[in-house]
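Residue strings, one per chain:
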Amino acid sequence: KAGVTQTPRYLIKTRGQQVTLSCSPISGHRSVSWYQQTPGQGLQFLFEYFSETQRNKGNFPGRFSGRQFSNSRSEMNVSTLELGDSALYLCASSLGGVGDTQYFGPGTRLTVL
Amino acid sequence: QQQVKQSPQSLIVQKGGIPIINCAYENTAFDYFPWYQQFPGKGPALLIAIRPDVSEKKEGRFTISFNKSAKQFSLHIMDSQPGDSATYFCAASNTGNQFYFGTGTSLTVIP
């Protein structure tokens, strides 16, 4: 079974631009969660989508948004990029039940200049 | 605020040693506690997980110890090997399936 894939793997943007990241979950998984990983902060939860609906949301500003399609693929959008948005963005997929194992993708490394 | 506090930030042990990584939480609604291992350039991978109804779980060389009253849990790596050198994250989730991660521990095992 193919793992979680994320595209692109690397991205360089400038302040004020917007960016869209993509995540394809493991086949059969209906839940996709997004995390921001920075040194010293660990993984910070952004949001979780389940069956095309946002089920959980972390404490990030409204510039961070997401959506999920009927095939469970998910996209994350960040508008008006700031220098502090530079991070590794990880998505994780699971079956969506309580305590189900989350499987992470390799991440998208975003650099904001 | 950080829902799950992890220590130490970094750890260096000799091959064969037993590194111990500790985590603490406050929210008693957490009911699932996984540990993840992350190698450079890769996403985290589930290593072992425990629920609060047991005090210890072993899988191979990895053991989780769980103290419900103290709201603490720890990862022990027996007979550590250079290949165990990675960053380890503890996490906790509630019935809402939202996961909270610790800040990570960078482990180096010296041959």
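Just above, that's the structure.
Predicted model, so just to flag it, every value in this text is computed and none were measured.

Student: Mind laying out the sheet that holds strand β1 (residues 4-7) of chain B, listing which residues take part and the relevant values?
Tutor: Residues and elements named next belong to chain B. On the basis of which strands lie adjacent, the open sheet formed by 5 strands has the order β1-β3-β8-β7-β6 and antiparallel pairing. Unpaired on one side and paired on the other, β1 and β6 (56-59) mark the two borders of the sheet. Pairwise comparison of adjacent strand axes, ignoring direction, gives a mean angle of 15° for this sheet. Of the pairings in the sheet, the one linking β1 to strand β3 (residues 20-25) comprises 4 bridges and is antiparallel in character.

Student: Kindly report on the side chain of B:S80, identifying the contributing residues and their values.
Tutor: Residues and elements named next belong to chain B. Turning to its location among the elements, S80 is positioned in the loop between β8 (72-77) and β9 (86-93). There is a polar contact of 2.8 Å between the side chain of S80 and the backbone oxygen of G17. When sequence neighbours within four positions are dropped, the list of residues in contact with S80 reads V13, Q14, K15, G16, G17, P19, R61 and V109.

Student: Can you lay out the interface of chain A and chain B for me, pointing to particular residues and giving the numbers?
Tutor: On the side of chain B, 21 residues touch chain A, which itself brings 27 residues to the contact. Carbon and sulfur atoms make up 49% of the area that chain A and chain B hide from each other, which totals about 1700 Å². Counting the contacts that link chain A with chain B gives 2 residue pairs in polar contact (both at pLDDT 80 or more). Among the secondary structure elements, those contributing two or more residues to the side of chain A that touches chain B are β4 (31-38), β5 (42-50), β6 (53-57) and β9 (87-94) of chain A. At 5 residues, the largest contribution of residues to the side of chain A that touches chain B is made by β5(A). Within the side of chain A that touches chain B, the residues separate by chemical class into 8 nonpolar, 14 polar and 5 charged.

Student: So what's going on with unusual backbone geometry? Which residues, and what values?
Tutor: In the segment running from A:T7 into A:P8, the intervening peptide bond is cis, with an omega of -10°. Relative to the elements of secondary structure, A:P8 occurs in the loop between β1 (5-7) and β2 (10-13). Backbone torsion omega between B:S7 and B:P8 reads -5°, so that peptide bond is classified as cis. On the secondary structure map, B:P8 appears in the loop between β1 and β2 (10-14). Backbone geometry places A:S72, a non-glycine residue, at a positive phi of 75°. The residue A:S72 is located in the loop between β7 (64-68) and β8 (74-78) in this model. The exposure class assigned to A:S72 is buried, which follows from its relative accessible area of 12%. Its identity is not glycine, yet B:D79 carries a phi of approximately 45°, on the positive side. With respect to the element layout, B:D79 can be found in the loop between β8 and β9. For B:D79, a relative accessible area of 41% gives the class partly exposed.

Student: Any details on the pattern of salt bridges? Residues and values, ideally.
Tutor: Residues and elements named next belong to chain B. Tallied over the entire structure, the rule returns 8 salt bridges over all chains. Its salt-bridge partner being E26, residue K71 comes within 3.5 Å of it at the nearest N-O pair. Remark: E26 occurs in the loop between β3 and β4 (33-38) and K71 occurs in the loop between β7 (62-67) and β8; sequence separation between them is 45 residues. Residues K57 and E59 are paired through a salt bridge, measuring 3.6 Å at the closest nitrogen-oxygen approach.

Calculation notes
Residues numbered from 1 in each chain as written. Chains lettered and ligands numbered in written order. Predicted model: local features only at pLDDT ≥ 70, side-chain atom pairs only at ≥ 80, totals over all residues. Heavy atoms only, no water. Pairing = 2+ DSSP bridges. Helix = DSSP H or I, 4+ residues; strand = E, 2+ residues; numbered from the N terminus. Axes fitted to C-alpha atoms, helices over the stretch in contact; angles between N-to-C directions. Polar contact = N/O pair within 3.5 Å; in protein donor to acceptor, adjacent residues only side chain to side chain. Contact = heavy atoms within 4.5 Å. Buried area = accessible area lost by both parts, 1.4 Å probe. Nonpolar A, V, L, I, M, F, W, Y, C, P; charged D, E, K, R; others polar. Buried < 20%, exposed > 50% of the residue type's maximum accessible area, 1.4 Å probe, protein only. Salt bridge = Lys/Arg side-chain N within 4 Å of Asp/Glu carboxyl O.

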